[in-house]
Structures are given as structure tokens and as C-alpha cells.
Amino acid sequence: MGITPSTRTATSQARFELPGDHPGFSDDAYRARRAAIAEVGRRHRRGGPIADVEYTAEEDGVWRLVSHELGRKHQVYACEAYLAGAAALTLPTERVPQLREVDERVHALSGFHIEPVPGLVPTREFYGSLAERVFRSTQYIRHHSVPFYTPEPDIVHEIIGHANMLANPAVADLYELAGRASLRAESDAALDFFSKVFWFTLEFGVVWERGELRAYGAGLLSSYGEIEEFRDAELRPWDIRRMGTLDYDITRYQPVLFAAESFERMVDDLGTFFAGYDDDDHARRVGTGRR
Ligand SMILES: [Fe+2]
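Thresholds, definitions, all that
Residues numbered from 1 in each chain as written. Predicted model: local features only at pLDDT ≥ 70, side-chain atom pairs only at ≥ 80, totals over all residues. Heavy atoms only, no water. Buried < 20%, exposed > 50% of the residue type's maximum accessible area, 1.4 Å probe, protein only. Helix = DSSP H or I, 4+ residues; strand = E, 2+ residues; numbered from the N terminus. Pairing = 2+ DSSP bridges. Donors = N, O, S within 2.8 Å, 3.2 Å for Na, K, Ca; no water. Tetrahedral: all angles 85-135°; square planar, octahedral: opposite > 155°, others 65-115°. Phe/Tyr/Trp six-rings, centres within 6.5 Å; stacked < 30°, edge-to-face > 60°. Lys NZ or Arg CZ within 6 Å of the ring centre and 35° of its normal. Salt bridge = Lys/Arg side-chain N within 4 Å of Asp/Glu carboxyl O. Axes fitted to C-alpha atoms, helices over the stretch in contact; angles between N-to-C directions. Parallel < 35°, antiparallel > 145°, perpendicular 65-115°, else oblique. Left-handed = near helix turned anticlockwise from the far one by under 90°. Contact = heavy atoms within 4.5 Å. Nonpolar A, V, L, I, M, F, W, Y, C, P; charged D, E, K, R; others polar. Polar contact = N/O pair within 3.5 Å; in protein donor to acceptor, adjacent residues only side chain to side chain.

**Student:** Can you tell me about the pairing of strand β8 (residues 256–260), naming the residues and giving the values?
**Tutor:** Extensive coverage of β8 is indicated by the burial of 5 of its 5 residues. In β8, alternate side chains face the same way, and those of Val256, Phe258 and Ala260 on one face and Leu257 and Ala259 on the other are all buried. Two strands pair when backbone bridges link them, and strand β5 (residues 206–209) and β8 are joined in this way by 2 bridges, in the parallel orientation. By the bridge assignment, valine 207 is partnered in β8 with alanine 260. Direction of pairing for strand β7 (residues 234–237) relative to β8: parallel, over a ladder of 4 bridges. Paired with proline 237 across the bridge in β8 is alanine 259.

**Student:** Go over the coordination of the iron ion, please, and point to the residues and values.
**Tutor:** The coordination sphere of the iron ion, as far as protein atoms go, consists of His157 (NE2), His162 (NE2), Glu203 (OE) and Glu203 (OE), spread over 2.0 to 2.7 Å. Coordination geometry of the iron ion: the 4 donor atoms subtend angles of 52 to 140 degrees at the metal centre, consistent with an arrangement described as irregular.

**Student:** Before we move on, could you go through the packing of aromatic side chains and cite the residues and values that matter?
**Tutor:** Two aromatic rings are characterised by how far apart their centres lie and by the angle between their planes. Applying the stated criterion across every chain yields a total of 19 aromatic pairs. Ring centres 5.3 Å apart and planes at 75 degrees place the aromatic pair phenylalanine 200 and phenylalanine 258 in the edge-to-face group. Of the two residues, phenylalanine 200 is situated in helix α9 (residues 188–203) and phenylalanine 258 in strand β8; the sequence distance between them amounts to 58 residues. For phenylalanine 200, a relative accessible area of 2% corresponds to the buried category. The class of phenylalanine 258 is buried, set by a relative accessible area of 0%. Ring geometry for phenylalanine 273 versus tyrosine 277: centroids 4.9 Å apart, planes at 50 degrees, classification tilted. Like tyrosine 277, phenylalanine 273 is buried. Among the aromatic residues, those joined into a cluster by ring pairs are Phe112, Phe126, Tyr127, Phe135, Tyr175, Phe193, Phe194, Phe198, Phe273, Phe274 and Tyr277. Its guanidinium or amino end placed over the ring of tyrosine 140, arginine 34 lies 3.5 Å from that ring's centre, counting from NZ or CZ. The lysine or arginine in question, lysine 73, covers the ring of tyrosine 224, its NZ or CZ lying 3.6 Å from the ring centre.

**Student:** So what's going on with the pattern of salt bridges? Residues and values would help.
**Tutor:** The final tally for this structure, using the stated rule, is 27 salt bridges. Arginine 42 serves as the salt-bridge partner of glutamate 39, at 2.8 Å between the closest nitrogen and oxygen. With glutamate 39 and arginine 42 both in helix α2 (residues 28–43), this residue pair falls 3 residues apart, about one helical turn. Notably, a salt bridge pairs aspartate 281 with arginine 285, separated by 2.8 Å at the nearest N-O pair. Placement of both aspartate 281 and arginine 285 in helix α14 (residues 279–286) is noted, with a separation of 4 residues, approximately one turn of the helix. Using a relative accessible area of 9% as the deciding quantity, one classes aspartate 281 as buried.

**Student:** Could you give an account of unusual backbone geometry, naming the residues involved and the relevant values?
**Tutor:** A positive phi angle, near 55 degrees, is found at arginine 133, a position not held by glycine. Structurally, arginine 133 is set in the loop between α6 (123–130) and β4 (134–137). What makes arginine 133 buried here is its relative accessible area of 16%. Positioned with a positive phi, arginine 210 is a non-glycine residue whose angle comes to about 50 degrees. Its location among the elements puts arginine 210 in the loop between β5 and β6 (212–215).

**Student:** Could you give an account of the packing of helix α8 (residues 169–184) against α9, with specific residues and numbers?
**Tutor:** Where α8 contacts α9, the axes come no closer than 10 Å and their chain directions differ by 165 degrees. Of the possible angle classes, the one that applies to α8 and α9 is roughly antiparallel. The handedness of the crossing between α8 and α9 comes out as left-handed. Where α8 abuts α9, its residues Leu174, Tyr175, Ala178, Ala181 and Ser182 lie against Leu191, Phe194, Phe198 and Leu202. Of the residues in the contact of α8 with α9, the class split is 8 nonpolar, 1 polar and no charged.

**Student:** Any details on α14? Residues and values, ideally.
**Tutor:** Each α-helix turn comprises 3.6 residues. Residues three or four places apart therefore point the same way. When α14 is considered as a whole, its buried residues turn out to be Asp281, His282 and Ala283. Each element contacted by the buried residues of α14 is listed here: α9 and α13 (263–276). A distance of 3.1 Å separates the backbone nitrogen of aspartate 280 from a side-chain oxygen at the start of α14, and that oxygen is part of aspartate 278. The first or second residue beyond α14 is glycine 287, which carries a positive phi of 80 degrees.

Here's what the structure looks like:
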């Protein structure tokens, strides 16, 4: 069972909430599609079968365009682990993949599950699910008028950015460790520090490989524009404390990135941080703990 394009008619009254500056704000058909696709995520029950969404030709076209263009750029800018993960996962490039099939393939490769959600998930819920090796993913796609831009995480970001990384077992373990760390970060301050480290690594991390800077962060890997610009960012050496205390602006290209010496080093250092993180560790790291 799935949501079909004809649902557009049935739900054309639906006005999916979008901010006034969203590219799809004044497109009623797009907002109806967003509402219909969100409904599939809303009906999903944890661990249950994942219903298909019957994407429109327009939506498939956006996926085709973006995945072809990003695929070319990944050869130049993505880290080896990403390219290997993408090769193993072999996502369709001509149509939007179903989360059902992405979930099956990722799970076979690394034991991680992909589950649909209607829209953005509260921070603690999203991170907490990672502890159970579940990545909660949106299913809608960006507006066709600006195929290379999205103001919010869409299926391009979730699947091209995150799922291809999650196909790698070492990375999947890292996401699980991150989830467990988030559960131990009980204070808001500790969660904020954790979120910033997550941002500067699993979302916007870069790594040196054979003398070149390559991306392993999903935010870079899924951004058509930013993936070409990140080598111009101000590079800082790996430093968890600085990552966890640096503010970022999600609406612009990241001006500061932290570079890991190698992929293996990143997995080790980040895994060690996540594994030992809790409220006390946070206090020690920011210097407010008892001595
Ligand atoms: Fe993300």
C-alpha cells in the first residue's frame, strides 16, 4: 500500500505548514504532496513494514538530476568509505528510492535500520533512536524549482548523505555510539555540546586522504553547492572541545570545518568520545566540573 500521485486530488485541501521563505510555499500541489507523504510517515509503526510512496515523475526527476550531479562530485570530494558504502548500497539513480528498499539494503550491510518519519523529529528522539541502530528519515523531496537547494533535510540528504555512510559497519557503530552518548547527556548543556560535535563530524566532517581533503559528513555529501566549496573553509585541527563549544549557522555554508588526520583516526577518536560521554564528562570538558 502506498500514497499515489492521485492522492494529490484527494488531499488538495491540505496546506502543509511551510515557512514563508520556503521554495514550495506558494505551490499548493507541492504542499499537498508534502502532506500526503508525511501521512505515510505518520502511519508508520516502529519496526513494522515500511509502506511505499508512489513518487511523481517530477519528484523522480529531481532525484535523478541531483543524484547524477552529486555522484560525479563524490568522485572528487567524497572520502573512500563513502564511495565504498555507496558502491555496496547501489541506490537507484533514476527514481526516488523507497525507504523500504534502503532499509533492507543498509540492514543487510551494517545492521542499521532506516525508518520513515512525517517530518523533523525532536532532537532527543532523533539521536535516541540511533542507540537502537535506527535512523529516522524523512521521505519528501525538495521543491523542483531549486533542485540543488533545500532549507531542511529531505530524502536526498537522508539517503545520499547518511544512508551511504551507514552502509559502512564501522560508521554504523559510530552512529550507535552517538545515540548512546545522547541518552547519557541528560542536561540540555551536555546535549548541546554533543549536538555540536555531531554537527562538525557526522554532518560536516572532513578528512585528509592521500593529501586531499575529502568529506565524510552527510551535510556536505548531500549538498550540491557546498561540496565544491568546503575546501575553501577555514580548516581547524581535530579538537572535540572546540567543536562542542562552537556555534554554527545552518542557513549558510560552514565557514569553519574540523579536519581529521585519517578516516581510521576519526572513527577511533569520535568513538572514544561518544563511548565516554555523559553529563560529568561534559562538565570536565568545558571546565565546570569539580576538581
Ligand atoms: Fe543530517
